[in-house]
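Observations on chain architecture
The residues making up each chain are set out below.
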Amino acid sequence: MKITDAKVIVTSPGRNFVTLKIMTDECVYGIGDATLNGRELAVVSYLKDHVAPCLIGRDPHQIEDIWQYLYRGAYWRTGPVTMAAIAAVDTALWDIKAKAANMPLYQLLGGKSRAGVMVYGHANGRDIDETIDEVGKYVELGYKAIRAQSGIPGLDSTYGVSADKLFYEPADADLPSENVWSTTKYLDHTPRLFEAIRNKYGFDPHLLHDVHHRLTPIEAARLGKSLEPYRLFWMEDAVPAENQESFRLIRQHTTTPLAVGEIFNTIWDCRTLIQEQLIDYIRTTVVHAGGITHLRRILDFASIYNVRSGCHGATDLSPVCMGASLHLGLSAPNFGVQEYMRHTPETDEVFPHAYSYSDGYLYPGDTPGHGVDLDEALAEKYPYRRAYLPVNRLEDGAMWNW
Ligand code: CS2
Ligand code: MG
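Residues numbered from 1 in each chain as written. Chains lettered and ligands numbered in written order. Predicted model: local features only at pLDDT ≥ 70, side-chain atom pairs only at ≥ 80, totals over all residues. Heavy atoms only, no water.

1. A closer look at the coordination of the magnesium ion (ligand 2)
Donor atoms from the polypeptide that bind the magnesium ion (ligand 2) are D210 (OD), E236 (OE) and E262 (OE), placed at 2.0 to 2.2 Å. Along the chain, the residues that donate to the magnesium ion (ligand 2) are spaced as D-x25-E-x25-E. Of the two residues, D210 is situated in strand β7 (residues 206–210) and E236 in strand β8 (residues 234–236); the sequence distance between them amounts to 26 residues. Residues D210 and E236 agree in their burial class; the two are buried. (Donors = N, O, S within 2.8 Å, 3.2 Å for Na, K, Ca; no water. Helix = DSSP H or I, 4+ residues; strand = E, 2+ residues; numbered from the N terminus. Buried < 20%, exposed > 50% of the residue type's maximum accessible area, 1.4 Å probe, protein only.)

2. Concerning the site of ligand 1
Not every one of the 15 residues close to ligand 1 is listed here, only the nearest: N37, H212, E262, D316 and E339. In isolation ligand 1 offers 340 Å² of accessible surface; the protein chains occlude 95% of this area. Structurally, ligand 1 is housed in the largest pocket. Broken down by class, the residue content of the shell around ligand 1 amounts to four nonpolar, four polar and seven charged. (Near = heavy atom within 4 Å. Areas by Shrake-Rupley, 256 points an atom, 1.4 Å probe, with all protein chains shown as cover. 1 Å grid on protein atoms, 1.4 Å probe; cavity = no way out; pocket = protein on both sides within 12 Å on 5 of 7 lines; lining within 4 Å. Sits in = over half its atoms within 2 Å of the grid points. Nonpolar A, V, L, I, M, F, W, Y, C, P; charged D, E, K, R; others polar.)

3. Overview of the domain arrangement of the protein chain
Assigned domains within the protein chain: domain 1 (3–104) and domain 2 (108–367). Here domain 1 and domain 2 have C-alpha centroids that lie 26 Å from each other. Counting from both sides, the interface comprises 32 residues of domain 1 and, opposite them, 34 residues of domain 2. Of the roughly 2500 Å² buried where domain 1 meets domain 2, counting both sides, 64% is carbon and sulfur surface. The tally of links between domain 1 and domain 2 comes to two salt bridges. The partner of R297 in a salt bridge is E64, with the nearest N and O atoms 3.1 Å apart. Taken together, the elements giving at least two residues each to the side of domain 1 that touches domain 2 come down to β2 (17–24), β3 (29–33), α2 (63–72) and α3 (80–101). Considering each element in turn, the side of domain 1 that touches domain 2 owes the most residues, 11 residues, to α3. Here the residues of the side of domain 1 that touches domain 2 sort into 18 nonpolar, nine polar and five charged. (Domains from an automatic or database assignment. Contact = heavy atoms within 4.5 Å. Buried area = accessible area lost by both parts, 1.4 Å probe. Salt bridge = Lys/Arg side-chain N within 4 Å of Asp/Glu carboxyl O.)

4. Describing the state of the cysteines
Applying the stated rule across the entire model yields zero disulfides. Its sulfur unpaired, C270 is 11 Å from the next cysteine sulfur, which belongs to C311. (Disulfide = S-S within 2.5 Å.)

5. Description of empty space enclosed by the protein
Tallying each qualifying case throughout the model produces three cavities of 30 Å³ or more. Roughly 80 Å³ of internal volume is contained in the largest cavity. Residue lining of the largest cavity: Q149, S150, I152, T158, Y159, W181, Y186, H209, D210, V211, H212 and R214, and that is the complete set. Elements that contribute at least two residues to the lining of the largest cavity include exactly β5 (145–150) and β7. Along the lines of polarity and charge, the residues of the lining of the largest cavity split into five nonpolar, five polar and two charged. In this model, the second largest cavity occupies a volume close to 50 Å³. (Points joined across faces, edges and corners; volume = space filled by probe spheres on them.)

6. Some thoughts on the pairing of β3
The element β3 is extensively covered by neighbouring structure, given that four of its five residues are classed as buried. Note: β2 against β3, five bridges, orientation antiparallel. In the strand pairing of β3, K21 is matched with I31. Once β2 ends, the chain turns through four residues before running back antiparallel as β3, passing C27 with a positive phi of about 65°. (Pairing = 2+ DSSP bridges.)

7. A short note on the pattern of salt bridges
Per the stated rule, a full pass over the model turns up 18 salt bridges. Salt-bridge contacts for E276 lead to R248; the nearest nitrogen and oxygen are separated by 2.8 Å. Highlighted residues: E276 in the loop between α9 (271–275) and β10 (281–282) and R248 in helix α8 (residues 246–253), separated in sequence by 28 residues. Looking at E276, the relative accessible area reads 36%, which means it is partly exposed. We classify R248 as partly exposed; its relative accessible area is 35%. Where R283 meets E339, a salt bridge forms, and the shortest distance between an N and an O atom there is 2.9 Å. In this pair, R283 sits in the loop between β10 and α10 (291–304) while E339 sits in strand β12 (residues 338–339), placing the two residues 56 residues apart along the sequence. Using a relative accessible area of 0% as the deciding quantity, one classes R283 as buried. Note on E339: relative accessible area 2%, which makes it buried. Connected through shared salt-bridge partners, E236, E262, R283 and E339 make up one network.

Right, here's the structure in full:
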């Protein structure tokens, strides 16, 4: 088999997605997600101008060799643009291999380790009462794990709180909108939120919370400690993690489980975190961490240190990434949980997929490949629209982490 073409398709059915379609001389094609929120066109150029020409004529079955060729061969290693491009190629090649084998992808990854993939949904409200109601809606839908975020008294807007509850889309503006942040107000408010949720729903649902890189290590330690009575499933992205050693300090002070890694691109971004057992869940995902090939490497490494997966699954990761992630989640021995932010009906129509939700779990389906396709004619109807994530400032105007 030979690769005959590699096409990059940009579509915006409510938000931007970049998709790579690799064609072969045997009429089998594969699809990979290459979406990098707010920097989409950089990956488009990387793929079109620098990767596609190198793929033509290669054997698509040589997945590992092509991965190494693109990673080592570029000389300039790692980084979100490079790794999203490599991920798209890798995902499309696994799709081709599984279609050629006439098997769902999870069979090629070792088969099922579990019946379904437990997911968590996003409950968010302007205040504690509204958040409690939103958590209730997810309980009704059968979710076993629910992330809870709430507006903070005294702050106009904050991360994770949206007007549209089921289809939260943070990349909401043509130029970045601005939020104001107060760590003091947040740290006072958040334990109250979880106390109220536990009082209402008891300890049955798993509860998760995303700090979105807002704290310093000692503040994160304090938050983790104050949340211990509410037994969270995890506290996510408590601090920015360029400095992996920060987590040593947090870990010394709290038994609240820690998750991090949605913006990591390679195993090197989490090596210390995993090896020193400073975290419990690694959030790297297919599109931003080099595809199935590299993510599987990270998860295998993590399994030795009792770290489980908690793959990122926000709306900016396309259904193609979700499909691929579900196959890996079904097979990985150390799967933990999969984030599931629902895509809009427009997005689901552009990306017909075999996966389905039922009673707290996603199932990848048994279609050969990863089970997600792209309707190119429909995709064309939704041209690219520039869209940015917000930025965040402290109350005195200084830039902070979003
Ligand atoms: C978030 C994301 O899902 C999450 O945990 O942190 O919504 C994140 O902000 C976006 O994916 C950014 O692209
Ligand atoms: Mg997050």
